[in-house]
Amino acid sequence: MNYWLMKSEPDVFGIDDLQQSPNQTDSWDGVRNYQARNMLRDQMQVGDLAFFYHSNCKPPGIVGIMEIASRAYPDPTQFDPDSDYYDPKSDPANPRWYLVDVRFKRKFARMITLDELRSHPELADMVVLRRGNRLSITPVTKAEWDFIVALADSRD
DNA sequence: GCCAACGTTGGC
DNA sequence: GCCAACGTTGGC
């Protein structure tokens, strides 16, 4: 099983929105980057766990955990002219963009902010912390995962 | 296939 | 709102 970190802007779709979705499950649409798509499509497995990361907000950071609830399938928003994620160049016979369903697992008692992530030498190699990183989906190692979960369950 | 111009992400 | 660090586009 694999571990991931997935970014979303809370103004658009935050962890509370996922928790309030039917069956606490929703489709993670709108991924429009080939590297992120490849990971989502080729490597994500049902049962994988992912950190829910709030980006483009103050402060950014990890707010909880979700579970990958489906294999990848074509993202319908790419064919919807009314969607912000519409891609007129995507051929329905050969879809360009994919998504997975995700299920809410839990919200952390406290957010683990980006600043805090950066402050721990144990997390120095995290892909999401690398300079210039812009991927909305990044892999997380088991060691990083366990460390962050322990942080979230600690008092400070 | 190169690369300049442009668009996007996302922290600050 | 700014801008660094990308990724994408399209002329050549």
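Residues numbered from 1 in each chain as written. Chains lettered and ligands numbered in written order. Predicted model: local features only at pLDDT ≥ 70, side-chain atom pairs only at ≥ 80, totals over all residues. Heavy atoms only, no water.

### Section: the overall build of chain A
Condition: Helix and strand definitions follow DSSP, with helices as H or I runs of at least four residues and strands as E runs of at least two, each counted in order from the N terminus. Relative accessible area decides the class of each residue, using a 1.4 Å probe on protein chains only: under 20% of the type maximum gives buried, over 50% gives exposed, and in between gives partly exposed. Contact definition: two residues touch when any of their heavy atoms are within 4.5 Å. Accessible surface area values rest on a Shrake-Rupley calculation with a 1.4 Å probe, where residue burial reflects the displayed protein chains alone. Note on charges: Lys and Arg go in the positive column, Asp and Glu in the negative column, and His and the chain ends are not counted at all. A single reference atom marks each charge: NZ on Lys, CZ on Arg, CG on Asp, CD on Glu.
Counting its regular elements, chain A contains 4 helices and 8 strands. Mapped in sequence order, the helices and strands of chain A form the string β-α-β-α-β-β-β-β-β-α-β-α. Seen along its three principal axes, the alpha-carbon backbone of chain A occupies a region of about 50 × 35 × 30 Å. Of all 156 residues assigned to chain A, the portion counted as buried reaches 47%. The long-range fraction of contacts in chain A, counting pairs at least 24 apart against all pairs at least 6 apart in sequence, stands at 74%. Taken as a whole, chain A presents about 8,600 Å² of accessible surface, with 46% of it coming from carbon and sulfur. Across chain A, the mean location of the 19 positive side-chain charges is 5 Å away from that of the 24 negative side-chain charges.

### Things to note about the side chain of Asn133
Here Asn133 is to be found in the loop between helix 3 (114-119) and strand 8 (137-140). Classification of Asn133 by relative accessible area gives buried; the value is 19%.

### A closer look at unusual backbone geometry
Pro59 follows Lys58 through a cis peptide bond whose omega is -10°. Turning to its location among the elements, Pro59 is positioned in the loop between strand 3 (49-54) and strand 4 (61-68). Positive phi, normally seen in glycine, also occurs at Asn23, with a value near 60°. One non-glycine residue with positive phi stands out, namely Gln24, at about 50°. Residue position: Gln24 is located in the loop between helix 1 (15-20) and strand 2 (25-27).

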